[in-house]
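Commentary on secondary and tertiary structure
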Amino acid sequence: MKLENLLLEAAKIAGITVAVASPEDEEVIEAIREAIAHNLARFLLFGDKEKIETLLVEKECNRDFVEIIHTRSKEQSAQMAVRAVHQNEASVLMKGNLPTSTLLKAVLNKEYGLRTGKVLSHVSVFEVPHYSKFTILTDAAMNIAPDLTQKEQIINNSVEVARSIGIDCPKVAVLAAVEVINPTMQATIDAASLTVMNKRGQIRDCLVEGPLALDNAISIDSARQKGIESEVAGAADILLVPTIEVGNTLYKSLIYFAKAKVGAVIAGAKAPIVLTSRSDSSESKLYSLALAICTSEKGKTF
């Protein structure tokens, strides 16, 4: 499947509203314009009304699917956008032109936030040129050095995303630098533990294998050369990285070296969160919106 197909699937899901915090940004408004053109959603825009109006006119955005709620600050924009999702006035939360920390502070608010008790984690879905299926990468943006319990929850979040886009039993490769357990390398010990947890039914609806290096996680030839026999090796759908540095480097390598396309969400909250960066293209923001819609409560019949 290609990311373009997610736009078609997301358009089939009725009644989606996206709350956007501080959308005073050309790329964000462009993504909103394209999303409306693809019949994905209607939008609640929380921010500086005058600046938003100007950008909507410049981008020739269809105003029939947009409502602007004026705010006095980025903090208020974040609070009001999160409240809209908390009160079920919106199904998806999207970050605009404001610091990630400002939005997450509102998301984690005990009174009106989107906490569920789960770990929040970043799940990115890549369409890599000349590769036959989606590559799902986690976690490249949220958890710095997750422990075993956090890794279990990160897997659960990514499996939920994968199943929402039609991968019924995703294959999860737990990455490390080597394919064997090394007592001095915590990533290999965690990988082995997660594999056993999956075999014993503690981690469900997927197949988990590790430790695996990147080459034998995605290349069947590499796996065979190393003598690795498993259902996951060479056929991974999900790549679980040990630290944020590994995830961030792999994420950017896929984009800049492999020219991959990507959509990403923050999973584990009451609703999916589109948390793109300023450097992400409007196309990436559009794909992230489509992914978020497919993984929302209304989209889980995919």
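Rules of the game
- Residues numbered from 1 in each chain as written.
- Predicted model: local features only at pLDDT ≥ 70, side-chain atom pairs only at ≥ 80, totals over all residues.
- Heavy atoms only, no water.
- UniProt positions renumbered as here; feature names shortened; annotations may be inferred.
- Helix = DSSP H or I, 4+ residues; strand = E, 2+ residues; numbered from the N terminus.
- Phe/Tyr/Trp six-rings, centres within 6.5 Å; stacked < 30°, edge-to-face > 60°.
- Buried < 20%, exposed > 50% of the residue type's maximum accessible area, 1.4 Å probe, protein only.
- Domains from an automatic or database assignment.
- Contact = heavy atoms within 4.5 Å.
- Buried area = accessible area lost by both parts, 1.4 Å probe.
- Salt bridge = Lys/Arg side-chain N within 4 Å of Asp/Glu carboxyl O.
- Polar contact = N/O pair within 3.5 Å; in protein donor to acceptor, adjacent residues only side chain to side chain.
- Core = buried A, V, L, I, M, F, W, Y, C linked by side-chain atoms within 4.5 Å.
- 1 Å grid on protein atoms, 1.4 Å probe; cavity = no way out; pocket = protein on both sides within 12 Å on 5 of 7 lines; lining within 4 Å.
- Points joined across faces, edges and corners; volume = space filled by probe spheres on them.
- Nonpolar A, V, L, I, M, F, W, Y, C, P; charged D, E, K, R; others polar.

**Focus on the UniProt feature "domain: Phosphate acetyl/butaryl transferase" (unreviewed entry) in the protein**
According to UniProt, the feature "domain: Phosphate acetyl/butaryl transferase" (unreviewed entry) maps to residues 76–292 in the numbering used here. Strand forms 18% of residues 76–292 and helix 39%; the C-alpha atoms that close the span are 23 Å apart.

**Looking at the packing of aromatic side chains**
Applying the stated criterion across every chain, the model contains one aromatic pair. Aromatic pair Phe-126 and Tyr-251: ring centres 5.2 Å apart, planes at 75°, arrangement edge-to-face. Separated by 125 residues along the polypeptide, Phe-126 in strand β5 (residues 121–127) and Tyr-251 in helix α10 (residues 244–256) bring together distant segments of the chain. You can call Tyr-251 buried: its relative accessible area is 11%.

**What about the domain arrangement of the protein?**
The assigned domain composition of the protein is domain 1 (3–115 + 269–298) and domain 2 (121–257). Between domain 1 and domain 2, the contact holds nine residues from the first and nine residues from the second. Here domain 1 packs against domain 2, burying approximately 790 Å² in sum over the two surfaces, 66% of which is carbon and sulfur. By the criterion of area lost to domain 2, the three top residues of domain 1 are Leu-3, Leu-291 and Thr-295, representing 54% of everything that side buries. Inspection of the domain 1/domain 2 interface yields zero salt bridges. The tally of links from domain 1 across to domain 2 stands at one residue pair in polar contact (both at pLDDT 80 or more). Of all elements in the fold, only α1 (3–11) and α11 (282–295) reach the threshold of two or more residues within the side of domain 1 that touches domain 2.

**Examining the environment of Tyr-256**
Within the fold, Tyr-256 resides in helix α10. Classification of Tyr-256 by relative accessible area gives exposed; the value is 53%. In this structure, the C-alpha to C-alpha distance between Tyr-256 and Thr-184, residues 72 residues apart in sequence, is 33 Å.

**A few points about the nonpolar core**
Within the largest apolar cluster, 58 residues are counted, with the highest numbers of intra-cluster contacts made by Val-18, Ile-32, Leu-40, Phe-43, Leu-45 and Ile-155. Element by element, the count of residues in this core is highest for α11, at eight residues. In this structure, this core is formed jointly by two domains, domain 1 (3–115 + 269–298) and domain 2 (121–257), each of which donates at least three residues. Dropping the residues within four chain positions of it, Leu-40 is found in contact with Leu-7, Ala-10, Ala-11, Ile-16, Ala-35, Leu-286, Ala-290 and Ile-293. Within the second largest apolar cluster, 24 residues are counted, among which are Ala-81, Ala-84, Ala-106 and Ile-273.

**A look at the side chain of Thr-276**
Take Thr-276: it is sitting in the loop between β11 (273–274) and α11. We classify Thr-276 as buried; its relative accessible area is 6%.

**Side note on the layout of surface pockets**
Approximately 520 Å³ is the volume attributed to the largest pocket. In terms of lining, the largest pocket is formed by 26 residues, of which the most central are Tyr-251, Ile-255, Ser-277, Ser-279 and Asp-280. Those elements giving two or more residues to the lining of the largest pocket turn out to be α10, β10 (261–267) and α11. With five residues, the top contributor of residues to the lining of the largest pocket is α10. For the lining of the largest pocket, the class distribution of residues is 12 nonpolar, nine polar and five charged. There are two domains that each give the lining of the largest pocket at least three residues, and those are domain 1 (3–115 + 269–298) and domain 2 (121–257).

**A look at the pattern of salt bridges**
Taken as a whole and judged by the stated rule, the model has 15 salt bridges. The salt bridge partner of Arg-63 is Glu-53, with a shortest N-O separation of 2.6 Å. In this pair, Arg-63 is assigned in the loop between α3 (49–58) and β3 (66–70) and Glu-53 in helix α3, connecting sequence segments 10 residues apart. Overall, Glu-53 belongs to the partly exposed group, its relative accessible area being 25%. In the salt-bridge network here, residues are joined through shared partners; they are Glu-30, Arg-33, Glu-34 and Lys-59.

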